[in-house]
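As a plain string of letters, each chain reads:
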Amino acid sequence: MIRCHESIVRRNVREEIRKAAEIICQAPKTVALTGAGISVESGIPDFRSVGGLWERFDPMEYGTIQAFLANPEKVWMMLHEMSALMKRAQPNPAHKGLARLQKMGKLHNIITQNIDNLHQESGATGVIEFHGNCRTLVCLSCGQRFEAEKIEDGVTPRCDCGAILKPDVVFFGEQIPSGILPQAYALVSSCHVLLVVGTSAEVTPANTIPYTAKMAKAEIVEINLMPTVLTKSLTDIFLQGKASEIVTELVREVQRIMSEGEVT
Ligand code: NAD
């Protein structure tokens, strides 16, 4: 009985994937906006994952710039654990599927809220990093940058000038790197489809991107394990499921439509 119900749900999702693939094939410009959910299957927990890093280190206690400035050694305890997870993580089929869609000429660009570098490692190009990248550390005192790979595990890293280094990522309470917000808005204001993958759309200002795209009349295709604040208000096609499975099927379907010449 349960299996029967699951197969019906699955069939419905498949039908929606087919519709999404058709609009992507027809669209002159598709852009993706990704969030922490796309990297969960690579072993990096999102803020909502149960039993992960964020249950022990509350993001609101450890992820704010105020917390870092007040007690960087304490925040570095969390950062060492997070970098260990990120160093081990490999791109999963969702990252690879988006990179493939880009190579096929059906995905113009990716805007990511993630700091894990996995889109670039999967072969995607021109990725717009909304919140920076954890592969670099920056000195808040003299501005020097360092490769995070070279830091010693468990030791709070310091700059040559003596100041404590910070990962080159946007903490809560910090500004988005200059130029990134206008670049992202310009991109989604001229896109025809916005593919929103694995984001709760609760972190500002990244969560204004889908609204900007919608105002420019883009179709919103959302992939998530569960409905979000966007699903009922903004999303045109909701594909519920694991990013790795849904993106893989979506790319396969786009490929099928293109090879059969169903859409020009
Ligand atoms: P979030 O944690 O607020 O939400 C993640 C979303 O992904 C949820 O809606 C969840 O249902 C969905 N999800 C979880 N697993 C999924 C899966 N396998 N397939 C599809 N969907 C899945 O993440 P957010 O909206 O990106 O906001 C959190 C902020 O924290 C971001 O700004 C990001 O910078 C940062 N962050 C980054 C990483 C990373 O770089 N990998 C990890 C954690 C947090």
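Criteria and cut-off values
- Residues numbered from 1 in each chain as written.
- Predicted model: local features only at pLDDT ≥ 70, side-chain atom pairs only at ≥ 80, totals over all residues.
- Heavy atoms only, no water.
- Helix = DSSP H or I, 4+ residues; strand = E, 2+ residues; numbered from the N terminus.
- Buried < 20%, exposed > 50% of the residue type's maximum accessible area, 1.4 Å probe, protein only.
- Near = heavy atom within 4 Å.
- Polar contact = N/O pair within 3.5 Å; in protein donor to acceptor, adjacent residues only side chain to side chain.
- Nonpolar A, V, L, I, M, F, W, Y, C, P; charged D, E, K, R; others polar.
- Domains from an automatic or database assignment.
- Disulfide = S-S within 2.5 Å.
- Contact = heavy atoms within 4.5 Å.
- Buried area = accessible area lost by both parts, 1.4 Å probe.
- Pairing = 2+ DSSP bridges.
- Core = buried A, V, L, I, M, F, W, Y, C linked by side-chain atoms within 4.5 Å.
- Salt bridge = Lys/Arg side-chain N within 4 Å of Asp/Glu carboxyl O.

Novice: Please clarify how unusual backbone geometry should be interpreted in this entry.
Specialist: With the exception of glycine, most residues fall at negative phi, and the peptide bonds are largely trans. Cis peptide bonds are those with omega within 30 degrees of zero, and the linkage from T204 to P205 qualifies with 0°. One can find P205 in the loop between β7 (193–197) and α9 (209–215). Phi is positive for A201, close to 55°, though the residue is something other than glycine. Locating A201 in the fold gives a position in the loop between β7 and α9. A relative accessible area of 8% means that A201 is categorised as buried.

Novice: Is there a simple way to explain the site of the ligand in this structure?
Specialist: In the vicinity of the ligand there are 29 residues, among which R48, Q113, T199, S200 and N224 approach most closely. A distance of 2.8 Å is found between an oxygen atom of the ligand and a backbone nitrogen or oxygen belonging to A36. In the environment of the ligand, a nitrogen atom lies 2.9 Å from a nitrogen or oxygen atom belonging to the side chain of E41. Counted by class, the shell around the ligand contains 13 nonpolar, eleven polar and five charged residues. Split by domain, the shell around the ligand shows at least three residues from each of two domains, domain 1 (11–44 + 91–131 + 176–264) and domain 2 (45–88 + 133–169).

Novice: In this structure, what is going on with the state of the cysteines? I would like to understand it.
Specialist: Here, the word disulfide means a covalent bond between the sulfur atoms of two cysteines. Tallying each qualifying case throughout the model produces zero disulfides. Looking at the unpaired C142, the closest cysteine sulfur is the one in C159, lying at 3.5 Å. Judged by relative accessible area, C142 falls into the partly exposed class, the value being 42%.

Novice: Sorry, what's going on with the domain arrangement of the protein chain here?
Specialist: Where the parts come together, the accessible area they lose is often given as the size of the interface. Segmenting the protein chain into domains produces domain 1 (11–44 + 91–131 + 176–264) and domain 2 (45–88 + 133–169). The gap between the C-alpha centroids of domain 1 and domain 2 is 28 Å. Facing 14 residues of domain 1, the contacting portion of domain 2 comprises twelve residues. At the boundary of domain 1 with domain 2, total buried surface from both sides reaches about 1,100 Å², with 57% on carbon and sulfur atoms. Among the residues domain 1 hides against domain 2, the three largest losses belong to I44, I115 and H131. Together they make up 46% of the total.

Novice: Could you clarify how one ought to interpret the sheet that holds strand β9 (residues 237–240) in this entry?
Specialist: The strands that make up a sheet pair up through hydrogen bonds in the backbone, lying either parallel or antiparallel. With respect to topology, six strands assemble into an open sheet ordered β3-β2-β1-β7-β8-β9, the strand pairing being parallel. Where the open sheet ends on each side, the last strands, each with one partner, are β3 (128–129) and β9. As paired strands, β7 and strand β8 (residues 219–224) are joined by five bridges and run parallel to one another. Considered in β8, the bridge of L194 is made with I220.

Novice: What's the story with the environment of V229 in this structure? I'm lost.
Specialist: Position of V229 relative to the elements: it lies in helix α10 (residues 229–233). With 47 residues separating them in the primary sequence, V229 and P182 have C-alpha atoms 23 Å apart. Not counting the four nearest positions on each side in its chain, V229 is found in contact with S200, A201, E202 and Y211.

Novice: Would you mind showing me how to read the pairing of strand β4 (residues 132–139) here?
Specialist: The two faces of the sheet receive side chains in turn, since in a regular strand these alternate between them. Counting buried positions along β4 yields six of eight residues, so the element is predominantly enclosed. Bridge count between β4 and strand β5 (residues 145–147): three bridges; the pairing is antiparallel. Its bridge partner lying in β5, V138 is registered against R145. The hairpin turn running from β4 into β5, its antiparallel successor, is five residues long, and G143 in that turn takes a positive phi close to 85°.

Novice: It is not clear to me how the nonpolar core should be interpreted in this structure. Could you clarify?
Specialist: As a rule of thumb, nonpolar side chains are buried together in soluble globular proteins. Within the largest apolar cluster, 33 residues are counted, with the highest numbers of intra-cluster contacts made by L98, L195, V221, I223, L239 and L250. Those elements giving two or more residues to this core turn out to be α1 (2–26), α6 (93–103), β7, β8, β9 and α11 (243–260). Discounting residues that sit within four places of it in the chain, L250 has contacts with I17, A20, A21, I24, L195 and I223. Core analysis: the second largest hydrophobic core is formed by 28 residues, F57, M86, L165 and F171 among them.

Novice: Looking at this structure, I do not really get the pattern of salt bridges. What am I missing?
Specialist: Pairs can form between side chains of opposite charge once their charged atoms are near each other. Counted according to the given criterion, the structure contains 13 salt bridges. With a closest N to O distance of 2.9 Å, E16 and K19 form a salt bridge. Highlighted residues: E16 and K19, both in helix α1, separated by three residues, approximately one helical turn. Ionic pairing is found between D168 and R145, a salt bridge with its closest N-O pair at 2.7 Å. Residue D168 is located in strand β6 (residues 165–169), and its partner R145 is located in strand β5; the two are separated by 23 residues in the primary sequence. Taking the relative accessible area as the measure of exposure, R145 reaches 52% and is therefore exposed. Linked by salt bridges that have partners in common, E15, R18 and E22 make up one network.

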